[in-house]
Amino acid sequence: MAETGFALSAQPSSQGASRDGSKMKYRIHGHRHADFLFPELPEYKQLWAEIRESLDAITEQMIIDEFEGEARKAKSISQAINRLIKREMVTRGWNEESYIFADAAYGRMAKGTWRLDFAKGELSVEVAFNHRSDISWNLIKPTLASELNHVTKAIQTSGGVIVTATQAMKAAGGFDSAIGTFEDYVQYLKPMAGMLPAPLLIVGLEAPETFSVTQLPTGVGNNKMGAVNQRIIATLDGLMACPKCGSVIDDEADACPFCSRRLIR
């Protein structure tokens, strides 16, 4: 069963764009009825609410600001989204970079192999924008955290959440063509069902409604960097305006003549 997370867009001002922007949207898919269990059972309800609050707190403008504020120019918005989710989750008391096992050989010595992005109480969370070949392992890690093991555990959860990008987000956000997507994770669940006894919830981040990312050459070898294309907006006066600087512009413009923002319609 899938569900879409909805968010309301802010109204543009008469001068130009709202700095709030649309909220990040997502859909969910439940494995072993996680889409029913997490919102309903008392051991999960508050934790799942905190995860949703963390995602709902992120606006598309926040993603743009975080992405364009990076010292090292990235090709995609994956790192920007990772940092924003981390800030929101940590603010709500989630433990970051949680090791599954207490044994040092499976902790820091293993250089992150046996680690989840977040954990709190009965749930663990993995934010997964990595290669498609890592999908199986990303599904197994929250299962290991939820099951008993011969190796002494550092955390003992009973369910997991994996946050990833939909195919549409992958295309619009400048992501690498080899990353695993929400659709890929859902497909993997069926053949791996016998290996995944714990309830898991797959969260797929939807493509932004107000912007996209285009990869442009940096001028250094074959290196590329991402550039934001932002949707042109209509003012309350019926004129076209740049969503970045708010200047009234020609409705056929491909870029704002005042701030050089690349524009889409």
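Notes on the structure in this doc start here. In this text, all values refer to a predicted model and were calculated from it rather than measured experimentally. (Residues numbered from 1 in each chain as written. Predicted model: local features only at pLDDT ≥ 70, side-chain atom pairs only at ≥ 80, totals over all residues. Heavy atoms only, no water.)

Here the focus is the sheet that holds strand β8 (residues 211–217). Across the sheet, which stays open at both edges, the three strands sit in the order β8-β9-β12 with mixed pairing between neighbours. Edge positions in the sheet fall to β8 and β12 (262–264), since each has one partner strand and no second. Each strand of the sheet is rotated relative to its neighbour by a mean of 40°, with strand direction disregarded. Across seven bridges, the pairing between β8 and strand β9 (residues 224–231) is antiparallel. Within β9, the position partnered with Phe211 by the bridge is Gln230. (Pairing = 2+ DSSP bridges. Helix = DSSP H or I, 4+ residues; strand = E, 2+ residues; numbered from the N terminus. Axes fitted to C-alpha atoms, helices over the stretch in contact; angles between N-to-C directions.)

On to the nonpolar core. Of all hydrophobic cores here, the largest spans 39 residues; its most connected members are Ile51, Ile77, Ile81, Ile85, Val161, Val203 and Leu205. With sequence-adjacent residues up to four places away left out, Val203 is seen in contact with Tyr26, Arg27, Ile28, Trp48, Leu55, Val161, Ile162, Val163, Thr164 and Phe182. Counting residues in hydrophobic clusters, the runner-up holds eleven residues, among them Ala128, Leu189, Leu200 and Ile202. (Core = buried A, V, L, I, M, F, W, Y, C linked by side-chain atoms within 4.5 Å. Buried < 20%, exposed > 50% of the residue type's maximum accessible area, 1.4 Å probe, protein only. Contact = heavy atoms within 4.5 Å.)

Moving on: helix α3 (residues 60–68). Every buried residue belonging to α3 is among Glu60, Gln61, Ile63, Ile64, Glu66 and Phe67, and all of these are buried. Looking at the buried positions of α3, the neighbouring elements they touch are α4 (78–91), β8 and β9.

Right, let's get into the pattern of salt bridges. Across all of its chains, the model carries 14 salt bridges by this definition. Here Glu209 makes a salt bridge to Lys25, at a shortest N to O gap of 3.5 Å. Placement of Glu209 in the loop between β7 (200–205) and β8 and of Lys25 in the loop between β1 (2–5) and β2 (26–31) is noted, with a sequence separation of 184 residues between them. Classification of Glu209 by relative accessible area gives partly exposed; the value is 38%. Note that Arg87 is salt-bridged to Glu66, the shortest N-O span being 2.7 Å. You can see Arg87 sitting in helix α4 and its partner Glu66 sitting in helix α3, a full 21 residues away along the chain. Through salt bridges with shared partners, a single ionic network connects Glu66, Glu70, Arg83 and Arg87. (Salt bridge = Lys/Arg side-chain N within 4 Å of Asp/Glu carboxyl O.)

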